[in-house]
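Fold and geometry: a report
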Amino acid sequence: MKMIFLGDFVYPKQNCINLSNIKDIFNDKITVANLEGQIVNNIFKIIDKNKYNLYSDISVVDVLKNCGVKYVSLANNHTQDFNNEINETINILNLNKIDFFGTKEKPDLTIDNAIKIYGAVTNVTGGNFKKYDVVNRFNPIELLKQIKVDHEKNPDLKIIVYIHWGYELAFYPQPADREWAHKAIDCGADYIIGHHPHVVQGAEKYKNGYIFYSLGNFSLPQVEFLGRKLQYFDERVLTQLCVEIDFTVKDKDQYLFHILQYDKKDSSIILVNSVNTIENDFFKELTPYTGLNTFEYLKWFNKQNNSKRLLNTSPTFISYITLKGIDKWTKENYLFLIWTIRKFLIKIKIHKPYNW
């Protein structure tokens, strides 16, 4: 079985992005994508008008099929942008034989008793999380326990964590995320595949596992969403990554990493290169911290992030493990306060972060 893992997938209107140049990479593959937001058809029950609300038009179904998508994760910070009934999206997926995971009711899925994929979203991504969540929110300790149980029950099971985490446009993964990824592999995970930052981050081989901290976008056209144009001025968002894993080779998986480029002038994607190893200049440039242990990485990371701003809107998460969640709890609550203040300032038109 050959599988391709994509980053964020959004398709707000027909013909909003041209994927025809890369269609061949999906031939005879099973594709997994992060469906960033609900499939909404004309009726938008918006929760927060003072933010970008991402969604896909019904035409996304044909696009997903053309990319060979058989499975989508709903564990992201935009699934709950609207008060629309999530079952509408799930019904559309089911009718078109596209399976889903990453919800509270269905956090993971198993394929042919050979591959298990967990979907989770961290609080730091800033979604409209509420008391009765639909999405599967990341519980670092419990997920490590589950990975260990599944691995011990079936040592041949390929375990993949497909996770929405980190800060948007961050150059490097949070120390807590990197430490957790290593712990997950220690517990039996084979691959950690991240998304959300909208840019490609580094990749590491740790023991017998691989970590891809962020794939970047896949289909996130810089077009209008409900009358507001989505724009990124950081050129790094134009580079995208697809991870292809061939599970058919006995005792050793094989890889192809497809490096893509988004052209925002005509909203198209082209294939730049395909490589079969992370030991090349593309990955090495993104991963200057390869080989550092947890303590060394934290020290190195802090040197790269020596901001002296009075208001730190991107606090460093040190660990989900050694501090037993205290670091995570305090900083998530701090971020929640910052986000609340920010929303209020946007609402009264003092703060204008977007182009409207």
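Description of the structure in this document.

The rules behind the values
Residues numbered from 1 in each chain as written. Predicted model: local features only at pLDDT ≥ 70, side-chain atom pairs only at ≥ 80, totals over all residues. Heavy atoms only, no water. 1 Å grid on protein atoms, 1.4 Å probe; cavity = no way out; pocket = protein on both sides within 12 Å on 5 of 7 lines; lining within 4 Å. Points joined across faces, edges and corners; volume = space filled by probe spheres on them. Helix = DSSP H or I, 4+ residues; strand = E, 2+ residues; numbered from the N terminus. Nonpolar A, V, L, I, M, F, W, Y, C, P; charged D, E, K, R; others polar. Phe/Tyr/Trp six-rings, centres within 6.5 Å; stacked < 30°, edge-to-face > 60°. Buried < 20%, exposed > 50% of the residue type's maximum accessible area, 1.4 Å probe, protein only. Core = buried A, V, L, I, M, F, W, Y, C linked by side-chain atoms within 4.5 Å. Contact = heavy atoms within 4.5 Å. Axes fitted to C-alpha atoms, helices over the stretch in contact; angles between N-to-C directions. Parallel < 35°, antiparallel > 145°, perpendicular 65-115°, else oblique. Left-handed = near helix turned anticlockwise from the far one by under 90°. Pairing = 2+ DSSP bridges. Salt bridge = Lys/Arg side-chain N within 4 Å of Asp/Glu carboxyl O. Polar contact = N/O pair within 3.5 Å; in protein donor to acceptor, adjacent residues only side chain to side chain.

Size it by volume and the second largest pocket reaches roughly 820 Å³. Lining the second largest pocket are 30 residues, and of these Lys 158, Asp 190, Asn 208, Asp 251 and Asp 253 lie nearest its centre. For the lining of the second largest pocket, the secondary structure elements donating two or more residues are α4 (175-187), β10 (209-212) and β15 (254-263). Of all the elements, α4 adds the most residues to the lining of the second largest pocket, at 3 residues. Of the residues in the lining of the second largest pocket, the class split is 13 nonpolar, 6 polar and 11 charged.

All right, on to the packing of aromatic side chains then. Under the counting rule described, the total for this entry stands at 27 aromatic pairs. Consider the rings of Phe 101 and Tyr 162, whose centres lie 6.2 Å apart with planes at 45°: the pair is tilted. Remark: Tyr 162 occurs in strand β7 (residues 158-164) and Phe 101 occurs in strand β4 (residues 99-101); sequence separation between them is 61 residues. Residue Phe 101 is classed as buried on the basis of its relative accessible area, which comes to 0%. Considering the side-chain rings of Tyr 191 and Tyr 255, the 6.1 Å spacing of their centres and the 70° angle between planes classify their relative orientation as edge-to-face. Residue Tyr 191 is located in strand β8 (residues 191-195), and its partner Tyr 255 is located in strand β15; the two are separated by 64 residues in the primary sequence.

Our next topic: empty space enclosed by the protein. Tallied over the full model, the rule gives 3 cavities of 30 Å³ or more. The calculated volume of the largest cavity comes to roughly 50 Å³. Along the walls of the largest cavity sit Asn 217, Phe 218, Leu 220, Gln 222, Tyr 232, Val 237, Gln 240 and Tyr 262, which together make up its complete lining. Of the residues that constitute the lining of the largest cavity, the class distribution is 5 nonpolar, 3 polar and no charged. The calculated volume of the second largest cavity comes to roughly 40 Å³.

To continue, consider the nonpolar core. A general feature of soluble globular proteins is that nonpolar side chains tend to end up buried together. Ranked by internal contacts, the top residues of the largest apolar core, which has 46 residues, are Leu 6, Phe 9, Leu 19, Phe 26, Val 72, Phe 218 and Phe 225. Leaving out residues up to four positions away in the same chain, Phe 225 has contacts with Val 10, Pro 12, Asn 53, Leu 54, Tyr 55, Leu 220 and Leu 230.

With that settled, the discussion passes to the packing of α4 against helix α6 (residues 294-304). Taken N-terminus to C-terminus, the directions of α4 and α6 make an angle of 160°; their axes are 10 Å apart at the nearest point. The orientation of α4 relative to α6 falls into the category roughly antiparallel. α4 and α6 meet at a crossing whose hand is right-handed. Contacts between α4 and α6 involve Pro 175, Arg 178 and Glu 179 on the former and, on the latter, Thr 294, Tyr 297, Leu 298 and Phe 301. Residue composition of the contact of α4 with α6, grouped by class: 4 nonpolar, 1 polar and 2 charged.

A few words now on the pairing of strand β6 (residues 115-121). The buried fraction of β6 amounts to 7 of the 7 residues, a majority that puts the element mostly inside the structure. Of the two faces of β6, both are covered, the one formed by Ile 115, Ile 117, Gly 119 and Val 121 as well as the one formed by Lys 116, Tyr 118 and Ala 120. Inspection of the sheet shows strand β5 (residues 108-111) paired to β6 by 4 bridges, in the antiparallel sense. If you follow Ile 111 over to β6, its bridge partner there is Ile 115.

Attention shifts here to the pattern of salt bridges. A side chain of one charge can pair with a side chain of the opposite charge if their charged atoms are brought near each other. Inspection of every chain in the model, using the stated rule, returns 13 salt bridges. With its nearest N and O atoms 2.4 Å apart, the salt bridge here joins Lys 106 to Asp 99. Lys 116 is the partner of Asp 150 in a salt bridge, and the nearest nitrogen-oxygen pair spans 2.8 Å. Placement of Asp 150 in helix α3 (residues 140-153) and of Lys 116 in strand β6 is noted, with a sequence separation of 34 residues between them. Judged on exposure class, the residue Asp 150 and its partner Lys 116 are both buried.

So, on to the sheet that holds β6. Strand order in the open sheet formed by 6 strands is β5-β6-β7-β8-β10-β9, with mixed pairing between adjacent strands. Two strands lie at the open edges of the sheet, namely β5 and β9 (203-206), each paired on one side alone. Here the average twist between neighbouring strands, direction ignored, is 15°. Taken together, the 4 bridges between β9 and β10 define a ladder with antiparallel strand orientation. Considered in β10, the bridge of Tyr 206 is made with Gly 209. Each of β6 and β7 touches α3; the most contacted strand, β6, lies at about 175° to it.

Here the focus is the environment of Asp 81. Structurally, the position occupied by Asp 81 is in the loop between β3 (69-73) and α2 (86-95). Along the sequence, Asp 81 and Leu 54 sit 27 residues apart, while their C-alpha atoms lie 7.2 Å from each other. If we ignore the near neighbours within four places in the chain, the residues touching Asp 81 are Lys 45, Ile 46, Ile 47, Lys 51, Tyr 52, Asn 53, Leu 54 and Asn 128. In this structure the side chain of Asp 81 is engaged in a polar contact, spanning 3.0 Å, whose partner is the side chain of Lys 51. Within polar-contact distance, the side chain of Asp 81 engages the side chain of His 78 at 2.5 Å.

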